[in-house]
Amino acid sequence: MAKEAALLLVRFGRRYAAAVRLATLVPIVAIAVFRAPPEHLAATASVAGVAAAWTCGYAWWLRAGHGTAPVALDVAVLLGLSASVLWTGAIEDTNTGWLRLLTVFACVTYQWHTSPLVGGLAAVVAGGGAAALVAMADAGPSVIRGLVWAVPAAALSRAAWVLLRRAADRADRMAAEAARVRREAEVAAAVRAEEREFANALHDTAATTLLMVGTGQVRSDAGWLAPQARRDLDRLRSDSGRAPRRADLVDLLRSELDAAQLSVEFDAPERLELPFGTARAIADAAGEAVTNVRRHAGTTRAAVRLSPGAGTWRLDIADQGRGFSPSDVPDTRRGLRESVRGRMSRIGGTATITSAEGAGTLVRLEWPEADD
């Protein structure tokens, strides 16, 4: 999500400001009440009660996130509380520490949920105004300086918050760049996968048919050649269309075997529903294996058996032809490498080729059972 780190920081600033104001409220009110002499206790307790009630309401407003917090009203309340020294005797009792703490914490936390302009003005008005009010009550220089200190404390708080905000913005930029790179990589991978599958389909269909004609393995006027060419073209067109979500693997296998121009003994369940991409990959891999029987095995018969295992399914394509040595197949031949092993690998399955010269060939395709 764009600006996610910045948005999280804004929410954190409001909630943390509310938490700090609430956490410091209890000791601040306790200081006000316990330092007040008996003759000023009632007035001081009343002022402290107003401070506690307002701070709780202001903190709730911050945490709830109901629009812009009423900072101006909070500053006005703080100034009113500071003006209470004129009738509570706080100056004579040296009981102004709690007002200083209340003002400083307010000015510091303003910087975590306001703009720099609003936060700066609030700190200047709250801290400077409080200092001016206690000065009117003949407070000593130390009391005035303590309230004025709220302004530089707020400036330090704003500086720290700006650094955090810049870090959040940098994190958002890095996340956006990473997402862009990830999307581009996914698109590139999808394009490569589509190109690879189209190349596999071309190899398994039209290229194979043309090669058999070109090398003289079949006559150009063979009766099955024209229907086979039409199937090849239909297959290439279908690969560019939108595929269904699920398919019957048994039905796809029958279509591949019908086009194989071999005598095939097929043993399989009545139906096996799989996700279309998985079923298509298995059927295509099996089709290439059967085509290899026709082209290379020197036999016109093959046996294909689909059966379940322990958490897996297995498809065996076997022939009793001349066989070959799998280790002698060059890497440039894409039939076994891409059209069989590659397809099975991409769906999380495996392809095992067992063969030896004069001993026939067994191609075993295995894949895990699908979770419906």
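To be clear, the structure that these remarks concern was listed above.
(A) Representation of the overall build of the protein. Helix and strand content of the protein: twelve helices and seven strands. Among the 372 residues that make up the protein, the fraction classed as buried is 41%. Partitioning the contacts of the protein with sequence separation of at least 6, the portion at a separation of at least 24 is 73%. Element-wise, carbon and sulfur atoms account for 60% of the exposed surface of the protein, whose accessible area totals about 20000 Å².

(B) Quick peek at the pairing of strand β5 (residues 312-319). Sheet topology note: the strand β4 (residues 301-308)/β5 ladder contains six bridges and is antiparallel. Across the sheet, proline 308 pairs through a bridge with tryptophan 313, a residue of β5. The loop that links β4 with its antiparallel partner β5 comprises three residues; one of these, glycine 311, has a positive phi angle of about 75 degrees. In the sheet, β5 pairs with strand β7 (residues 361-368) via eight bridges, with the strands oriented antiparallel. Pairing of arginine 314 across the sheet is with glutamate 366, part of β7.

(C) A look at the sheet that holds strand β6 (residues 350-355). Read across the open sheet, the five strands follow the order β2-β4-β5-β7-β6; overall the sheet is mixed. At either margin of the open sheet sits one strand with a lone partner, and together these are β2 (263-267) and β6. Strand-to-strand twist across the sheet, computed as the mean angle between neighbouring axes with direction ignored, equals 15 degrees. Across the sheet, helix α10 (residues 249-258) touches β2, β4, β5 and β7, and the angle it forms with β2 is around 170 degrees. Its contacts with the sheet place helix α11 (residues 276-297) against β4, β5 and β7, and it is angled at close to 15 degrees to β5.

(D) Up close: the side chain of asparagine 292. Note that asparagine 292 resides in helix α11. Not counting residues up to four positions away in its chain, the partners in contact with asparagine 292 are Ala297 and Leu336.

(E) Representation of the packing of aromatic side chains in the model. Here the structure, examined in full by the defined rule, presents four aromatic pairs. Consider the rings of tyrosine 16 and tryptophan 112, whose centres lie 5.2 Å apart with planes at 25 degrees: the pair is stacked. Taken as a pair, tyrosine 16 in helix α1 (residues 4-35) and tryptophan 112 in the loop between α5 (97-110) and α6 (116-136) lie far apart in primary sequence, 96 residues in all. Residue tyrosine 16 is classed as partly exposed on the basis of its relative accessible area, which comes to 41%. The interplanar angle of 85 degrees and the centroid separation of 6.4 Å between the aromatic rings of tryptophan 60 and tryptophan 61 together place this pair among those described as edge-to-face. A relative accessible area of 52% places tryptophan 60 in the exposed class.

(F) Main features of the packing of helix α2 (residues 38-64) against helix α3 (residues 71-83). Close contact between α2 and α3 brings their axes to 11 Å; oriented N to C, the two are set at 170 degrees. By the criterion of interaxial angle, the relationship of α2 to α3 is roughly antiparallel. Note that α2 runs across α3; the crossing there is left-handed. In this structure, α2 uses Val47, Val50, Ala51, Trp54 and Tyr58 to contact α3, whose residues at the interface are Val71, Leu73, Asp74, Val77 and Leu81.

(G) The arrangement of the nonpolar core in detail. Of all hydrophobic cores here, the largest spans 44 residues; its most connected members are Leu81, Val85, Trp98, Leu102 and Tyr110. Mapped by element, the contributors of at least two residues to this core are α1, α2, α3, α5, α6, α7 (141-148) and α8 (150-214). In terms of residue count, the dominant contributor to this core is α5 (eight residues). Not counting residues within four places of it along the chain, the set of residues in contact with tryptophan 98 comprises Ile28, Ile31, Ala32, Val47, Ala48 and Ala51.

(H) Quick look at the pattern of salt bridges. Summed over all chains, the structure comprises twelve salt bridges. One network of salt bridges, in which partners are shared, links Glu177, Arg180 and Glu184.

(I) A nonpolar patch on the surface, seen in detail. Where nonpolar side chains cluster on the molecular surface, the patch consists of Leu86, Trp87 and Met136 and spans about 390 Å² of accessible area. Turning to its location among the elements, tryptophan 87 is positioned in helix α4 (residues 85-88).

What counts as what
- Throughout this description, residue numbers start from 1 for each chain and increase along the sequence as written.
- The predicted nature of this model means local features are confined to residues of pLDDT at least 70 and side-chain atom pairs, given and counted, to a pLDDT of 80 or more, with totals for whole chains, interfaces and linings taken over all residues.
- Only hydrogens and water are removed before side-chain values are computed, so all heavy atoms of the structure are retained for them.
- Comment: elements are numbered from the N terminus, with helices defined as DSSP H or I runs of at least four residues and strands as E runs of at least two.
- Any residue under 20% of the maximum accessible area for its type is buried, any over 50% is exposed, and the rest in between are partly exposed; the area is computed with a 1.4 Å probe on protein chains only.
- Throughout, a contact is declared for two residues whenever any of their heavy atoms are within 4.5 Å.
- Areas reported as accessible are Shrake-Rupley estimates using a 1.4 Å probe. Residue values count occlusion only from the protein chains shown.
- Strands qualify as paired when DSSP identifies two bridges or more between them.
- Lines fitted to C-alpha atoms define the axes, with helix axes restricted to the stretch in contact, and inter-axis angles between N-to-C directions lie between 0 and 180 degrees.
- Geometry of aromatic contacts follows a simple scheme: Phe, Tyr and Trp rings, the Trp one being its six-membered ring, pair when their centres are within 6.5 Å, and the pair is stacked under 30 degrees between planes, edge-to-face over 60, tilted otherwise.
- Any angle that is under 35 degrees is reported as roughly parallel, and any over 145 degrees as roughly antiparallel; angles of 65 to 115 degrees are reported as roughly perpendicular and all others as oblique.
- Crossing chirality is assigned from the near helix's rotation relative to the far helix, an anticlockwise turn below a right angle marking it left-handed and a clockwise turn marking it right-handed.
- To qualify as a nonpolar core, a set must consist of buried Ala, Val, Leu, Ile, Met, Phe, Trp, Tyr and Cys residues joined through side-chain atoms within 4.5 Å.
- Put simply, a salt bridge is a Lys or Arg side-chain nitrogen that is within 4 Å of an Asp or Glu carboxyl oxygen.
- Patch definition: residues above 30% relative accessible area lacking any salt bridge, with like charges linked at up to 9 Å and the nonpolar side chains Val, Leu, Ile, Met, Phe, Trp and Tyr linked at up to 5 Å.

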